[in-house]
Amino acid sequence: MISFVGAGPGAPDLLTLRGARRLAEADVVVWAASLVPPALLDHCRDDVEVHDSAGMTLEDVTAVYAAHPEAAIVRLHSGDPTVYSAIGEQIDWCTAHERAFEIVPGVSSMAAAAAAAGRELTVPGLAQSVVMTRLAHRTAASVPEGREGVARFARLGPTMAIFLSAARPDELRDELLALGTAYDRETPAVLAHRVSWPDEQVVTATVGGLPEAIAALGATTTVMILVGEALRSAPVPARSHVYAPGYAHAFRATTDGACGGPADAGTDRP
């Protein structure tokens, strides 16, 4: 079995219990040493075979898989392996070679950054959608032409989680403030660098001040940038219906005598 395991944002105790079990059971681990703290390997046995993927190509990684057809293999990715991890082509290899695989989710850097900043990303009246994206540069060929891009999403005004883009702060600011944008120069932003690592940095900024804030941060890699009105340090403008006494749902009748409407029985906001 090949297990694609999300290492989370960095702290060893933000690895899931399942991820920790897979590491403890692993015969072979391929991990991104440039993005994942070595402390996560403490979950492994002493005799585990470890490969650092920082200098490896896809072919190098799949050669490790091919060389161990009966082994329990963990491919340890930073954050959550379903976002910007390039596991798609590895899954294709597994399918083509009839190798069993699984995906063990991890805590995304987006979620870790919001938690470190003490903010909710979906706030009634401000934003009920979150867009995860990045600037197109050397990876421009990966972006569906005419359908995606920071400037396009900025027209909608959601909370935006921007990965892998701090190295081009002027371009990022200009994209966020392009013609038709729902943001303005004072729209709040959060910069989070190496969240949950010992040297974690979390700072607040504005869209207009992103270049200066990134320069002051002193980092251009492993920086998560959150943008949107939901990040503003202010009381929420409207309560959620989920816990409002006048709003009924499948598990609760109204408690104030008002006529409530049906709601999703889940825990997310409607």
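Quick note: structure is the one above.
Keep in mind the model is a prediction, meaning the values are calculated, not measured. (Residues numbered from 1 in each chain as written. Predicted model: local features only at pLDDT ≥ 70, side-chain atom pairs only at ≥ 80, totals over all residues. Heavy atoms only, no water.)

Visitor: When you look at the overall build of the protein chain in this model, what are you seeing that I'm missing?
Guide: Check the secondary structure of the protein chain and you find 7 helices and 10 strands. A separation of at least 24 residues holds for 64% of the contacts in the protein chain among residues at least 6 apart in sequence. Accessible surface for the protein chain amounts to roughly 13800 Å². Of this, 54% is attributable to carbon and sulfur atoms. (Helix = DSSP H or I, 4+ residues; strand = E, 2+ residues; numbered from the N terminus. Contact = heavy atoms within 4.5 Å. Areas by Shrake-Rupley, 256 points an atom, 1.4 Å probe, with all protein chains shown as cover.)

Visitor: Explanation requested: unusual backbone geometry in the structure shown.
Guide: Backbone geometry follows two general trends: most residues other than glycine have a negative phi, and most peptide bonds adopt the trans configuration. The residue Glu98 is not glycine, and still its phi comes out positive at about 55 degrees. The residue Glu98 is located in the loop between α3 (88-96) and β5 (101-104) in this model. Under the relative-accessibility criterion, Glu98 is labelled exposed at 77%. Residue Leu164 is not a glycine yet carries a positive backbone phi of 55 degrees. Here Leu164 is to be found in the loop between β7 (159-163) and α6 (169-176). (Buried < 20%, exposed > 50% of the residue type's maximum accessible area, 1.4 Å probe, protein only.)

Visitor: When you look at the pattern of salt bridges in this model, what are you seeing that I'm missing?
Guide: A side chain with one charge may pair with a side chain of the opposite charge, provided their charged atoms come close. For the structure on display, the rule yields 9 salt bridges. The partner of Arg173 in a salt bridge is Asp174, and the shortest N-O contact between them spans 3.1 Å. We classify Arg173 as buried; its relative accessible area is 18%. In this structure, the salt-bridge partner of Asp199 is Arg194, at a minimum N-O distance of 3.0 Å. If you follow the salt bridges from partner to partner, you end up with Arg22, Glu25 and Glu102 in one network. (Salt bridge = Lys/Arg side-chain N within 4 Å of Asp/Glu carboxyl O.)

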